[in-house]
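The primary structure of each chain is shown beneath.
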Amino acid sequence: MIAFEHGEPTTYEITWQNGHVERIKAHQVTWPNNMANLFAHPDVQEKPQRIVFHAEIDGQWTLQLSAYEDDIRTIRNCATEDLHLGGAA
């Protein structure tokens, strides 16, 4: 297996729909893939979509947070100040 140095994780500030704000550190953020919903049968209800944060902690790839997109109001990358809206924003 090839070793890969991820460097320091990025800090993200998450504002939940209820107004609570928290910060987490992550190397990777994955957003929902809605392509499957484009081809779904009209009678099939969409599954709730998740946003997932991972980080390498002590050499182990670790899940930091998995949350429904609709539960998040905003996600702010604290390093770049980029702001992303959640599902119900």
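Residues numbered from 1 in each chain as written. Predicted model: local features only at pLDDT ≥ 70, side-chain atom pairs only at ≥ 80, totals over all residues. Heavy atoms only, no water.

**Q** Account for the packing of aromatic side chains, naming residues and giving values.
**A** Following the criterion strictly, the structure yields one aromatic pair and no others. Here Arg-50 stacks its cationic end above the ring of Tyr-68, 4.1 Å away from the centre of that ring. (Phe/Tyr/Trp six-rings, centres within 6.5 Å; stacked < 30°, edge-to-face > 60°. Lys NZ or Arg CZ within 6 Å of the ring centre and 35° of its normal.)

**Q** Could you give an account of the pattern of salt bridges, naming the residues involved and the relevant values?
**A** Scanning the entire structure with this criterion turns up two salt bridges. Note that Glu-13 is salt-bridged to Arg-23, the shortest N-O span being 3.4 Å. Here Arg-23 lies in strand S2 (residues 21-26) and Glu-13 lies in strand S1 (residues 10-16), a separation of 10 residues in the sequence. Take Arg-23: its relative accessible area is 52%, and that puts it in the exposed class. Measuring nitrogen to oxygen at the nearest pair gives 3.2 Å for the salt bridge that ties Glu-13 to Arg-76. With Glu-13 in strand S1 and Arg-76 in strand S6 (residues 72-77), the pair connects residues that are 63 residues apart, well separated along the chain. This pair shows no difference in class: Glu-13 is buried, exactly as Arg-76 is. Linked through salt bridges whose partners overlap, the residues forming this network are Glu-13, Arg-23 and Arg-76. (Salt bridge = Lys/Arg side-chain N within 4 Å of Asp/Glu carboxyl O. Helix = DSSP H or I, 4+ residues; strand = E, 2+ residues; numbered from the N terminus. Buried < 20%, exposed > 50% of the residue type's maximum accessible area, 1.4 Å probe, protein only.)

**Q** Run through the sheet that holds S2, naming residues and quoting values.
**A** What the four strands build is an open sheet, ordered S2-S1-S6-S7; its pairing is antiparallel. Either end of the sheet is taken by a strand with one partner, and the two such strands are S2 and strand S7 (83-85). Going across the sheet, the axis of each strand differs from the next one's by a mean of 25°, ignoring polarity. (Pairing = 2+ DSSP bridges. Axes fitted to C-alpha atoms, helices over the stretch in contact; angles between N-to-C directions.)

**Q** Got a sec to walk through the nonpolar core? Specific residues and values, please.
**A** Tyr-12, Ile-14, Trp-16, Ile-24, Ala-26, Val-29, Ile-51, Phe-53, Leu-65, Ala-67, Ile-72 and Ile-75 together form the largest nonpolar core, which totals 12 residues. For this core, the elements supplying multiple residues, two or more each, are S1, S2, strand S4 (50-57), strand S5 (60-68) and S6. It is S1 that contributes the most residues to this core, three residues altogether. Residues in contact with Ala-26, not counting those within four places in the same chain, are Pro-9, Thr-10, Tyr-12, Phe-53, His-54 and Ala-55. (Core = buried A, V, L, I, M, F, W, Y, C linked by side-chain atoms within 4.5 Å. Contact = heavy atoms within 4.5 Å.)

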